[in-house]
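Chain and residue survey
This is what each chain is made of:
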Amino acid sequence: MKTLPSEALSYNRNDWQRGYLSQPQEFDYWIDEVDGQIPFELQGTLYRNGPGLLDMNGQTIQHPFDGDGMVCRITFDKGQAHFRNRFVRTEGYVAEQKAGQILYRGVFGTQKPGGFFANAFNLKLKNIANTSVLYWGEKLLALWEGAEPHRLEPHTLETIGIERLNGLIKPGGTFAAHPRIDPGSSPTDARRLVNFSIKTGLSSTITIYEFDDHYQLLHQQSRTIPGFAFLHDFVITPHYYIFFQNPVQFDPLPFILGWQGAGQCIRFRPDQPTQILLIPRDSSQPMVSLGTVPCFVFHHGNAFEQDNQIMVDSIGYEYFPKVEPNQDFREIDFDTLPAGQLWRFTINLADGSVDRQVIESRCCEFPSIHPNYVGKPYRYLYTGAAHSPTGNAPLQAILKLDLHSGYRHVWSIAPRGFMTEPLFVPRPGGTAEDDGWILAMTYDSTHHRSDVVILSAQDIEGGAIASLHLKHHIPYGLHGCFVQNM
Ligand SMILES: [Fe+2]
């Protein structure tokens, strides 16, 4: 890990901002510039999704969450790697490309050109398919939590169209961007895909689905909770689905009048508790809602049951900052915003009490674990992290946390490198929980290009065992998945 003077910023803001330039081009090539050696045992494909377009016709997209989804595919084959990226041909993307201008308002503040008259009472949102990508049941799906998934061809990444999962998702329905794959309680159990949809307003209805590996519906249940709900992610244990209902309020008037995006009308309520919703997987059992300290959670790392307690490890923020109108996200002042930290919520099932403990105070986001430990007691968590142990800053490092010993291992690419979601991929035949690799896409501002880095999960501080240099940059993405050879 490079050492920087403690008083210096670990990054240059201009370097960080350039990682948010659009990448309108689509590529298809074998990666021929590699430092180190791609492990021969690493066979399969890393898919990643994220906003690819961050401006259009001279107008900037105000927030990356409003950028059109672009899926990248890096296929590893006998020590070689192939890269491909394609935009998801959503209805909105196709229409805007044809028109050469923004036709839709974005949830996080992007406005149509034309001022008040173009935006007021125009509530039609674009399904931007930009948040995650899931391969399950031989279907590759680009996910955005506000609408239906788009199905892509897994090799060419061509868009096949809206996917309704055998009619389960109705027109206008949603399918969350954070599916969980339940490994089952024994090695012989078949894996299940668990995901949810939400309909929110004055009250909110969460519908949870469990699928087998052919998308046959194994289980479905719905629960209604009072109030508006901003539910991005959830976690599972053998007996529960667990959601955090952040204490936020939705004031839609500025959205309806065209002044603000819907996401900018969300207001944090520091006077209200965060509600932890324990929904039994046995739908005949009642749901339990437990209050804890007011906080905001986008992402959970894992949850597990132990000794009549449930532990939930999440990236928590002290509050959710209001997304201000006309504020370009590239200009945000990191020092004035709360940093994400890893928190453990311990839920006592006997008395309903909830204890919150900070496990890692370093700014972090995008947690990942070994897929076989989803919903189970586990030891290792990996996450993107800031270079410096204190303060709020862009992600520039990978942090491995040993939850048993408390040891932390950090690999930083500061000052000129920037990190995105690190993904743990088990080594075939490996038995230790950390026997595998960490895959991540990084942004190298020195060369204005992206790298795909491979680390040994047992030697994070040893750095990348292979750095695959792309011929171009890919804007900072959101979430991805790894698929063993199809
Ligand atoms: Fe997410």
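Going by the structure above, here's the rest.
The structure reproduced in this document is the subject of the present report. Nothing here was measured: the structure is a model prediction, and the numbers come from that model.

What counts and how
Residues numbered from 1 in each chain as written. Predicted model: local features only at pLDDT ≥ 70, side-chain atom pairs only at ≥ 80, totals over all residues. Helix = DSSP H or I, 4+ residues; strand = E, 2+ residues; numbered from the N terminus. Rg over C-alpha atoms; globule rule 2.2 N^0.38 Å. Buried ≥ 20, exposed ≤ 12 C-beta atoms within 10 Å, placed from the backbone. Pairing = 2+ DSSP bridges. Axes fitted to C-alpha atoms, helices over the stretch in contact; angles between N-to-C directions. Contact = placed C-beta atoms within 7 Å. Core = buried A, V, L, I, M, F, W, Y, C linked by C-beta atoms within 7 Å.

For the rest of this paragraph, the subject is the overall build of the chain. Across its full length, the chain holds 4 helices and 35 strands. Relative to a compact globule of 486 residues, whose C-alpha radius of gyration would be 23 Å, the chain shows 21 Å and is just as compact. Each principal axis of the C-alpha atoms in the chain carries an extent, and together these give about 60 × 55 × 50 Å. Looking at the 486 residues of the chain, the share that counts as buried comes to 46%.

Turning next to the sheet that holds strand S13 (residues 192–200). Taken in spatial order, the 4 strands make up an open sheet running S12-S13-S14-S15, and their pairing is antiparallel. Looking along the sheet, the strands with just one partner apiece sit at the ends: strand S12 (180–182) and strand S15 (217–226). Along the sheet, successive strands turn relative to each other by an average axial angle of 25°, direction set aside.

Time to look at the sheet that holds strand S11 (residues 159–162). Neighbouring strands of a sheet are bound in pairs by backbone hydrogen bonds; such pairs are parallel or else antiparallel. Here we have 4 strands laid out as an open sheet, ordered S8-S9-S10-S11, and antiparallel in their pairing. Edge positions in the open sheet fall to strand S8 (132–136) and S11, since each of these has one partner strand only. For this sheet the average axis-to-axis angle between neighbouring strands, irrespective of direction, equals 30°. Pairing geometry for S8 and strand S9 (residues 139–143), over 5 bridges, is antiparallel. Each bridged residue has a counterpart across the sheet, and for Val-133 the counterpart in S9 is Ala-142.

Cis rather than trans, the peptide bond between Ala-414 and Pro-415 has omega equal to 5°. Positionally, Pro-415 belongs in the loop between strand S29 (408–412) and strand S30 (417–419). Even without being glycine, Leu-157 reaches a positive phi, approximately 65°. By the element assignment, Leu-157 lies in the loop between strand S10 (150–152) and S11. A count of 23 C-beta atoms within 10 Å places Leu-157 in the buried class. A positive phi angle is found at His-448, which is not glycine, with a value near 45°. Here His-448 shows up in the loop between strand S32 (436–444) and strand S33 (449–456). Using a count of 13 C-beta atoms within 10 Å as the deciding quantity, one classes His-448 as partly exposed.

Bringing the environment of Val-312 into the picture now. Mapping Val-312 onto the fold places it in strand S23 (residues 309–317). In the structure, Val-312 is positioned 76 residues away from Ile-236 in sequence and 9.4 Å away in space, judged by C-alpha atoms. Not counting the four nearest positions on each side in its chain, Val-312 is found in contact with Val-235, Ile-242, His-300, Ala-303, Phe-345 and Ile-347.

What follows is about the nonpolar core. Counting 124 residues, the largest nonpolar core has Ile-242, Ile-398, Ile-438, Leu-439 and Leu-455 as its most contacted members. A per-element tally of this core places S32 first, with 6 residues. Those residues in contact with Leu-439 that lie beyond four places of it in its chain are Leu-46, Leu-423, Val-425, Val-452, Ile-454 and Phe-482.

Attention now goes to the pairing of strand S17 (residues 240–245). Along S17, 6 of the 6 residues are buried, which leaves the element largely enclosed by surrounding structure. Burial along S17 is two-sided: the residues Tyr-240, Ile-242 and Phe-244 and Tyr-241, Phe-243 and Gln-245 are all buried. Bridge count between strand S16 (residues 235–236) and S17: 2 bridges; the pairing is antiparallel. Bridging across to S17, Ile-236 finds its partner in Tyr-241. Between S16 and S17, which pair antiparallel and follow one another directly, the connecting turn spans 3 residues. The sheet contact formed by S17 and strand S20 (residues 274–280) spans 6 bridges and is antiparallel. Bridging from a neighbouring strand, Gln-245 pairs with Gln-275 of S20.

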